[in-house]
Amino acid sequence: QVQFVESGGGLVQPGGSLTLSCAASILNFAFYEMAWYRQAPGKQRELVASITGGGGTNYVDSVKGRFAISRENVKNAVFLQMNSLKPEDTAVYYCNHRYPPLGQSWGQGTQVTVSS
């Protein structure tokens, strides 16, 4: 069963930085486009950034220039470097396939709180 374990969240002041990590138990991990998502209280889960197996990236407009997604295929890992954090970045962050198959489970996520 495919599983994702996210880590690296925490409390940070506005303007600060965090790096999130995701360990994915996926066979042939390098073939899959992966993504980070986030869900703020009372809001729907949204796509934040994605990365293809070859390293091509895409970002939602609100994080362009501040966040950077990367991956290490040999370690089945995906990362999200977050800089210049804003209070509106506060959310639970999840990783998963860019296009999760029907029935694909989600990990516990990692909480990011941006507050002074």
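This write-up is about the structure you can find in this document. (Residues numbered from 1 in each chain as written. Predicted model: local features only at pLDDT ≥ 70, side-chain atom pairs only at ≥ 80, totals over all residues. Heavy atoms only, no water.)

1. Some words on the packing of aromatic side chains
Within the structure shown, the criterion is met by two aromatic pairs. With a centroid separation of 5.0 Å and 80° between ring planes, the pair formed by Tyr-37 and Trp-106 is classed as edge-to-face. With Tyr-37 in strand E4 (residues 34–39) and Trp-106 in the loop between strand E9 (91–97) and strand E10 (110–114), this residue pair connects regions lying 69 residues apart in the sequence. Centroid distance Tyr-94 to Trp-106: 6.0 Å. Interplanar angle 85°. Geometry classified as edge-to-face. With Tyr-94 in strand E9 and Trp-106 in the loop between E9 and E10, this residue pair connects regions lying twelve residues apart in the sequence. Aromatic rings pair up to connect Tyr-37, Tyr-94 and Trp-106 into one cluster. Across from the ring centre of Tyr-94, 4.4 Å away, lies the NZ or CZ of Arg-45, which sits over that ring. One residue, Arg-71, lies across the ring of Phe-29, its end atom 4.5 Å from the ring centre. (Phe/Tyr/Trp six-rings, centres within 6.5 Å; stacked < 30°, edge-to-face > 60°. Helix = DSSP H or I, 4+ residues; strand = E, 2+ residues; numbered from the N terminus. Lys NZ or Arg CZ within 6 Å of the ring centre and 35° of its normal.)

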